[in-house]
Amino acid sequence: MASFNISAQSSFFKTKYGPLAMNTYNSANVMLARAKKDYDFTGDQLFISQPTSFSGGVGAGLLPVANAANYGKALIVAKKMYSVMQYDREAIKASSNSEGAFGKGIDEVTKKGVESFMRFMSYTLFRDGSGVLGQIASVSGSGPYDLTIITTGADRWKEANFEEKDYVDINTARLTGGTARGTFEITAIVASTRVVTVAAVGTVTAPQANDYVHMQNSRAVCPQGLQGVCDATSGTLYNLNVGRRWQSTQLNANSGPVTLDILNNQMLEVQRRCGKVPKMIVASFKQYAKIMNLMEDLKQYVIAPRDGNLKGKVSFNALEFMSASGAVPIMPERFVDDDRIYLVNDDYMTIFHRPDFGFFDDDGSVFLRDAGDTYSARYGGYLETYIVPSFQGVITGLS
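Residues numbered from 1 in each chain as written. Predicted model: local features only at pLDDT ≥ 70, side-chain atom pairs only at ≥ 80, totals over all residues. Heavy atoms only, no water.

**Looking at the overall build of the protein**
When helices and strands are counted, the protein shows seven helices and 23 strands. Looking at the protein as a whole, 49% of its 399 residues qualify as buried. For the protein, the proportion of contacts with a sequence separation of at least 24, taken over those separated by at least 6, is 73%. Approximately 18,900 Å² of the protein is accessible, and the part contributed by carbon and sulfur atoms is 49%. (Helix = DSSP H or I, 4+ residues; strand = E, 2+ residues; numbered from the N terminus. Buried < 20%, exposed > 50% of the residue type's maximum accessible area, 1.4 Å probe, protein only. Contact = heavy atoms within 4.5 Å. Areas by Shrake-Rupley, 256 points an atom, 1.4 Å probe, with all protein chains shown as cover.)

**Points about the side chain of Ser122**
Residue position: Ser122 is located in helix α4 (residues 99-125). The contact partners of Ser122, leaving out residues within four places of it in the chain, are Asn29, Leu32 and Phe335.

**Description of unusual backbone geometry**
Across the chain, the bulk of peptide bonds are trans and the bulk of non-glycine residues have phi less than zero. The linkage connecting Gly143 with the following residue, Pro144, adopts the cis geometry, with an omega of 0°. Following the sequence through the fold, Pro144 ends up in the loop between β5 (132-140) and β6 (145-149). Phi at Ser255 takes a positive value of approximately 70°, unusual for a residue other than glycine. The residue Ser255 is located in the loop between β13 (249-252) and α6 (260-274) in this model.

**So, the sheet that holds strand β7 (residues 167-171)**
Strand order in the closed barrel formed by six strands is β5-β6-β9-β8-β7-β10, and the pairing between neighbours is antiparallel. In this sheet, neighbouring strand axes are inclined to one another by 45° on average, regardless of whether the strands run parallel or antiparallel. As paired strands, β6 and strand β9 (residues 195-201) are joined by four bridges and run antiparallel to one another. In the strand pairing of β9, Asp146 is matched with Thr197. (Pairing = 2+ DSSP bridges. Axes fitted to C-alpha atoms, helices over the stretch in contact; angles between N-to-C directions.)

**A short note on a nonpolar patch on the surface**
A contiguous nonpolar surface patch, about 290 Å² in accessible area, is contributed by Tyr82, Val84 and Tyr382. Mapped onto the fold, Tyr382 is located in strand β22 (residues 374-387). The exposure class of Tyr382 is partly exposed, given its relative accessible area of 31%. (Patch = residues over 30% accessible without salt bridge, like charges linked within 9 Å, V, L, I, M, F, W, Y side chains within 5 Å. Salt bridge = Lys/Arg side-chain N within 4 Å of Asp/Glu carboxyl O.)

**Digging into the pattern of salt bridges**
Within this structure, the stated rule accounts for 16 salt bridges. Measuring nitrogen to oxygen at the nearest pair gives 2.7 Å for the salt bridge that ties Arg174 to Asp128. Here the residue Arg174 occupies a position in the loop between β7 and β8 (180-190), and Asp128 occupies one in the loop between α4 and β5, the gap between them amounting to 46 residues. Note on Asp128: relative accessible area 19%, which makes it buried. Residue Asp231 is joined to Arg340 by a salt bridge in which the shortest nitrogen-to-oxygen separation is 2.5 Å. Placement of Asp231 in helix α5 (residues 226-231) and of Arg340 in the loop between β17 (326-332) and β18 (341-344) is noted, with a sequence separation of 109 residues between them. Since its relative accessible area comes to 5%, Arg340 is described here as buried. Each of Arg127, Asp128, Asp155 and Arg174 takes part in salt bridges that share partners, so that together they form one network.

**Some points on the environment of Val30**
In this structure, Val30 sits in helix α2 (residues 30-34). Counting along the chain gives 250 residues from Val30 to Met280, while the straight-line C-alpha distance between them is 9.7 Å.

**Observations regarding the environment of Tyr238**
Structurally, Tyr238 is set in the loop between β11 (236-237) and β12 (240-241). The class of Tyr238 is buried, set by a relative accessible area of 9%. The spacing of Tyr238 and Leu75 is 163 residues in sequence and 5.1 Å in space, taken between C-alpha atoms. Among residues more than four places away in sequence, those in contact with Tyr238 are Lys73, Ala74, Leu75, Ile76, Gln224, Val229, Trp246, Thr385, Tyr386 and Ile387. Looking at Tyr238, its side chain comes within polar contact range of the main-chain nitrogen of Ile387, at 3.1 Å. (Polar contact = N/O pair within 3.5 Å; in protein donor to acceptor, adjacent residues only side chain to side chain.)

**Concerning the pairing of β22**
Extensive coverage of β22 is indicated by the burial of 12 of its 14 residues. Looking at chain direction, strand β4 (residues 79-88) and β22 are connected through 10 bridges and run antiparallel. The residue of β22 that forms the bridge with Met81 is Gly381. Inspection of the sheet shows strand β19 (residues 349-353) paired to β22 by five bridges, in the antiparallel sense. Each bridged residue has a counterpart across the sheet, and for His353 the counterpart in β22 is Leu383. Here two bridges tie strand β20 (residues 358-359) to β22, and the two strands are oriented antiparallel to one another. From the neighbouring strand, Phe359 faces β22, where its bridge partner is Tyr379. Both strand β21 (residues 368-369) and β22 contribute to a ladder of two bridges, which runs antiparallel. Bridge pairing in β22 links Arg369 to Tyr375. Counted between consecutive antiparallel strands, the loop separating β21 from β22 contains four residues.

**Focus on the nonpolar core**
If you look at the biggest cluster of nonpolar residues, it comprises 70 residues, and the most contacted ones within it are Met31, Phe126, Phe162, Leu226, Tyr238, Tyr342 and Tyr386. The greatest single-element share of this core, amounting to eight residues, is contributed by α4. Dropping the residues within four chain positions of it, Met31 is found in contact with Leu125, Phe126, Leu226, Met280, Val282, Val344 and Met349. Formed by 20 residues, the second largest nonpolar core is a distinct cluster that contains Ile262, Val270, Leu319 and Ile341. (Core = buried A, V, L, I, M, F, W, Y, C linked by side-chain atoms within 4.5 Å.)

**Some details on the confidence of the model for the protein**
The pLDDT averaged across the protein works out to 85; a share of 83% of its residues lies at or above 70. Note on residues 310-314: pLDDT is under 50 here. Beyond four places in sequence and across chains, it has 12 contacts. (pLDDT = per-residue confidence, 0-100.)

Spelled out as structure tokens, the structure:
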């Protein structure tokens, strides 16, 4: 019998796991499923001509003087996003007699690697490009270290951000500069007390209160997300100045409860400002539960992924909210802060990818030989998430 060699295994791997990974990418959560995806981002940078005003030149009585609209050049720069999977060489060789045995031998590692990538993509979609998982309020222990995460501010505790076995970097500064404490492995999480236990990986210095925890190698190099876009009130966003026509519709509830009036008014305010109605409402699980208690005779709303060519695609069930312009789905999302609700128009959200997003096989094989007795496979690519702020809304400060 001919050996099921590494070349054949690589081909089988791409045939089986490539479509499955892409399907997962389009159904990991509602935002990944609904965001438009472009896989032809080439060149060093991408400039998008973005109108930030109407054109002038209208009037009555006499012929008006023309005046051109304002157009800005939104700048898109690709960010590197990876997941690395490691396979024991002996296990690969032991399953080299058939496709079935090989598939069984690598299924779990591949599944977990792709799931981790989707988790990180979901994290970035609702974050701000900083790579920050949380800021430290206090530290106990001398190694391992018990880190208690803060409860207020942009880098507050969010259980979804932390997973056992993740490697994280700790630094005294949020985005640039500062002092690197080193790399650590998350070994335990106690959600009720917001304590994350980390163990040193190599040489480190002890973490301190007010330090920042980042996903490994990810400080300030992640794709942009809804928090960064919807919270912007000054400075620039995608190289355009934040202003009246380049800013989300923002409401601070000042510790008040979510009400139907707040949802209705904010939906209408987004429509008033940009002329378009949000396509979905994405809430934290805390706020979603409160909305369920507010609304009687709840109806289910089914959302399908935007890509209609997917096989075995997963649809999402949501609550139906009747806005002034018709039914809008309400979805819960674990990466949304407890006090937040986003009003999203996914028609104005695109993830731009470099070509060949997926499993890396530029060397002729998905499997790359490591220094030890292992192979590794890499999944991901180079991308940026482009969200036009003018068509989005956010409610913060909910109790």
